[in-house]
Amino acid sequence: DEVPKEVTKFTGVIKGIFFDVDKDSIKPKSKSTLDNAVKVLKDFPSVKVEISGHTDSDGDRDHNVDLSRRRAEAVKKGLDASRIQTRGAGPDEPIADNKTAKGKAQNRRIEFKLIQ
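Calculation criteria
- Residues numbered from 1 in each chain as written.
- Predicted model: local features only at pLDDT ≥ 70, side-chain atom pairs only at ≥ 80, totals over all residues.
- Heavy atoms only, no water.
- Salt bridge = Lys/Arg side-chain N within 4 Å of Asp/Glu carboxyl O.
- Helix = DSSP H or I, 4+ residues; strand = E, 2+ residues; numbered from the N terminus.
- Buried < 20%, exposed > 50% of the residue type's maximum accessible area, 1.4 Å probe, protein only.
- 1 Å grid on protein atoms, 1.4 Å probe; cavity = no way out; pocket = protein on both sides within 12 Å on 5 of 7 lines; lining within 4 Å.
- Points joined across faces, edges and corners; volume = space filled by probe spheres on them.
- Nonpolar A, V, L, I, M, F, W, Y, C, P; charged D, E, K, R; others polar.
- Phe/Tyr/Trp six-rings, centres within 6.5 Å; stacked < 30°, edge-to-face > 60°.
- Lys NZ or Arg CZ within 6 Å of the ring centre and 35° of its normal.
- Expected span 1.5 Å × (residues − 1).
- Contact = heavy atoms within 4.5 Å.

S.K.: Is there a simple way to explain the pattern of salt bridges in this structure?
M.R.: Any two side chains of opposite charge can pair, on the condition that their charged atoms come close. For the structure on display, the rule yields 12 salt bridges. Note that lysine 39 and aspartate 43 form a salt bridge whose closest N and O atoms lie 2.5 Å from each other. Of this pair, lysine 39 and aspartate 43 both sit in helix H2 (residues 31-43), separated by 4 residues, roughly a single helical turn. Glutamate 50 serves as the salt-bridge partner of arginine 87, at 3.2 Å between the closest nitrogen and oxygen. With a gap of 37 residues between them, arginine 87 in strand E3 (residues 84-90) and glutamate 50 in strand E2 (residues 48-54) connect regions that are remote in the sequence. Exposure remark for arginine 87: the relative accessible area of 27% places this residue in the partly exposed category. Classification of glutamate 50 as buried rests on a relative accessible area of 15%. It is possible to trace a salt-bridge network through shared partners that takes in Asp24, Asp66, Arg69 and Arg70.

Spelled out as structure tokens, the structure:
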């Protein structure tokens, strides 16, 4: 089956979801991105998604894993829970170098992955 482009847009790293520092509270400027994700999930009721939270490598690993899980759960709120799984990857799956500020910023992210 071909994945609709509206769904594809919400696969991988989701740009536009921001959190307060060291918290799972979502910043208000993330609202439009989250509203669009909710709309896509409503428009395509068969889609199931895994939301994973990621952090940079600063600080305690266990704390970062817990923080990333709580952030994924925060994004899940408002979505159909039966269609969403969450996980916290913490600092274990970097996509950039944790030695630079830019790399750390890229590693602090939310990812959506389609579940078959």
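Having seen it, we continue.
S.K.: Is there a simple way to think about empty space enclosed by the protein in this case?
M.R.: By rolling a water-sized probe across the atoms, one finds the places where empty space is left. Under the defined criterion, the tally for this structure stands at 1 cavity of 30 Å³ or more. A volume near 50 Å³ is recorded for the largest cavity. Going through the elements one at a time, H2 and strand E4 (109-115) are the ones with two or more residues in the lining of the largest cavity. In terms of residue class, the lining of the largest cavity is made up of 9 nonpolar, no polar and no charged.

S.K.: Looking at this structure, I do not really get the layout of surface pockets. What am I missing?
M.R.: Taken as a whole, the largest pocket spans an internal volume of roughly 620 Å³. Phe19, Arg71, Ala105, Arg108 and Arg109 are the residues nearest the centre of the largest pocket, which is lined by 26 residues in total. When contributions to the lining of the largest pocket are tallied by element, the ones reaching two or more residues are helix H3 (61-76), helix H4 (101-107) and E4. Residue composition of the lining of the largest pocket, by class: 10 nonpolar, 6 polar and 10 charged. The volume enclosed by the second largest pocket comes to roughly 220 Å³. Residue lining of the second largest pocket: 12 residues in total, with Val3, Ser46, Val47, Leu114 and Gln116 positioned closest to the centre.

S.K.: Help me out: how do you make sense of the packing of aromatic side chains in this one?
M.R.: Within a pair of aromatic rings, the relevant descriptors are the distance that separates the centres and the angle that separates the planes. Under the counting rule described, the total for this entry stands at 1 aromatic pair. Their ring planes at 40° and their centres at 6.4 Å tell us that phenylalanine 10 and phenylalanine 112 sit as a pair that is tilted. Of the two residues, phenylalanine 10 is situated in the loop between helix H1 (5-8) and strand E1 (12-13) and phenylalanine 112 in strand E4; the sequence distance between them amounts to 102 residues. Like phenylalanine 10, the residue phenylalanine 112 is buried in the burial classification. Looking at lysine 29, its charged tip hangs above the ring of phenylalanine 18, at a distance of 4.4 Å from the centre.

S.K.: What am I meant to see in H3 here?
M.R.: An α-helical turn contains 3.6 residues, so a residue and the one three or four places further along point in the same direction. The end-to-end C-alpha distance of H3 is 23 Å, a good match for the 22 Å that 16 residues give at a rise of 1.5 Å each. Residues of H3 that are buried: Asn64, Leu67, Ser68, Arg71, Ala72, Ala74, Val75 and Lys76. Looking at the buried side of H3, the elements it contacts are H2, E2, E3 and E4. Following H3 by one or two positions, glycine 78 has its phi on the positive side, about 90°.

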